[in-house]
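Inside the fold
As a plain string of letters, each chain reads:
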Amino acid sequence: MKRLSIALLALLTAYSLHAQQMRWSETFQTYIDQYKDLAIEEMLRYKIPASITLAQGLFESGAGKSELAVKGNNHFGIKCHGWTGRTVHFDDDASQECFRAYDNVLQSYEDHSKFLYGNQRYRKLFSLSSKDYKGWARGLKECGYATNPTYAQRLINLIELYKLYQYDDAKSYDKFMASNSGKRTSTPDGTLLHPIHIYNKNYFLQARRGDTFKMIGKEIGISAKKIAKYNERNVDDKLTENEVIWLKKKQKRADKAYQGRLHRVKAGESMYTIAQYYGIQLKSLYKMNHLGADYQLRIGDQLRVR
């Protein structure tokens, strides 16, 4: 009995230490922002908590960076059992085990839902509330989803650190994000995809060194000419690193947070870069400030953006 108590104490201490050592990661948060709408979409279809789907995706794929995720778009570590589609092989519990491979991340998320929903082994989980993430995490471990003895607690730690439980209350989701994030595939050389962000009722990403409108258009699935037009540019223009690229037509005014506030012009800024920063059309910026197209911007000028 004494040995059992010591063993139990050691296990609880290990869990506690793991929870303390886990730190917030920008990479993990970017993954969440990228796929939360896809997880919510699957929850509304299959009643699997979005928090559980996201936590499993984070843990199993290393936030989309694992070799299995990059080469096979497999974000949940699901093996081949009964699978007739494309496969990839990696070392896991045994050498060169067979894993399912998908054309894109959307297929991986959909298959994860179907795998749990259609597998008798996990049937009892669906009697739990979609808000009972702790019950789901422990149930997945008990049902044999993973061999890692701390699997359930790791999922719970991720859910609580990143507040993933907030998505279990969702009644709707952003269809643009669910579709465009899920259907985008990893590049052949393993380069990570551009994270898509939301601001001022629009979507944007930041250009990387060497990017072109054509490259971004191919990755996102929107024509390069459209993206260039949304950004008031020529499709053959060169892009600079970290430049904001909007994926839909820009708004006429800045976000409501800038109501009554003015933008003070800093060195190196232009009317165009200011318009891009706030996600507003260049002609609207001129119009709001009653300026002509020949106006020469000066450091210290104050501009209305809303």
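Residues numbered from 1 in each chain as written. Predicted model: local features only at pLDDT ≥ 70, side-chain atom pairs only at ≥ 80, totals over all residues. Heavy atoms only, no water.

Quick notes on the confidence of the model for the chain
Selection rule: The pLDDT value expresses, per residue, how confident the predictor is, ranging between 0 and 100. It only takes one pair of heavy atoms within 4.5 Å for two residues to be counted as in contact.
When pLDDT is averaged along the chain, the result is 89; 90% of the residues meet or exceed 70. Counting contacts from residues 1-20, a segment whose pLDDT is below 50, to residues more than four positions away or on other chains yields six contacts.

A short note on the side chain of Glu 41
The line we're drawing: To qualify as a helix, a DSSP run of H or I must reach at least 4 residues; to qualify as a strand, a run of E must reach at least 2; elements of each kind are numbered from the N terminus.
Take Glu 41: it is sitting in helix H2 (residues 26-46). Discounting residues that sit within four places of it in the chain, Glu 41 has contacts with Tyr 173 and Ala 178.

So, the pairing of strand S1 (residues 87-90)
Look at any regular strand and the pattern is simple: side chains alternate between the two faces of the sheet. So the rule is basically this: Relative accessibility thresholds used throughout: buried, under 20% of the residue-type maximum; exposed, over 50%; partly exposed, between the two (1.4 Å probe, protein chains only). At least two DSSP bridges between two strands are needed for those strands to be called paired.
Of the two faces of S1, only the one carrying Val 88 and Phe 90 is buried; Thr 87 and His 89 on the other face are not. Strand direction decides the pairing type here: S1 and strand S2 (residues 97-100), joined by four bridges, are antiparallel. When the sheet's bridge partners are listed, His 89 is paired in S2 with Cys 98. Taking the residues that link successive antiparallel strands as the turn, the S1-S2 hairpin has six residues, and the phi of Gln 96 there is positive, at about 50°.

Quick notes on the state of the cysteines
So the rule is basically this: Any two cysteine sulfur atoms within 2.5 Å of one another count as a disulfide.
Taken as a whole and judged by the stated rule, the model has one disulfide. Disulfide partner of Cys 80: Cys 98, at an S-S distance of 1.9 Å. As the torsion about the S-S bond is roughly -70°, the Cys 80-Cys 98 disulfide counts as left-handed. Of this pair, Cys 80 sits in the loop between helix H4 (67-72) and S1 while Cys 98 is found in strand S2, placing the two residues 18 residues apart along the sequence. Cys 80 sits in the buried class, given a relative accessible area of 12%. The class for Cys 98 is partly exposed, based on a relative accessible area of 25%.

A few points about H2
Put simply, the rule reads: Working rule for helices: expected span equals 1.5 Å times residues minus one. Here the bend at each residue means the angle between axes fitted to two seven-residue stretches, the one ending at that residue and the one beginning there. N or O atoms within 3.5 Å of each other form a polar contact, as long as, within protein, one can give a hydrogen and the other can take it, and as long as residues adjacent in sequence are counted only when both atoms are side-chain atoms.
In this model H2 runs 29 Å from its N-terminal to its C-terminal C-alpha over 21 residues, within 8% of the 30 Å that 1.5 Å per residue would give. Along H2, the helix axis deviates most sharply at Tyr 35, where the bend reaches about 50°. Residue Ser 25 occupies the N-cap position of H2, its side-chain oxygen lying 3.2 Å from the main-chain nitrogen of Thr 27. Of the residues flanking the end of H2, it is Lys 47, one or two places downstream, whose phi is positive at about 70°.

Comments concerning the layout of surface pockets
The condition is simple: Each cavity reported here is a set of points on a 1 Å grid over the protein atoms alone in which a 1.4 Å probe fits but cannot get out, each pocket an open set with protein on both sides within 12 Å along at least five of seven lines, and each lining residue one with an atom within 4 Å of a point. Grid points are joined across faces, edges and corners, and a volume is the space filled by probe spheres set on the points.
Of the pockets and cavities examined, the second largest pocket occupies roughly 530 Å³. Together, 23 residues line the second largest pocket, and Glu 60, Gly 77, Lys 79, Asp 92 and Tyr 145 are the ones closest to its centre. If you list the elements that add at least two residues to the lining of the second largest pocket, you get helix H3 (50-61) and H4.

Re the side chain of Ser 108
On the secondary structure map, Ser 108 appears in helix H5 (residues 105-117). The class for Ser 108 is buried, based on a relative accessible area of 1%. Residues in contact with Ser 108, not counting those within four places in the same chain, are Asn 73, Asn 74, His 75, Phe 76 and Tyr 102.

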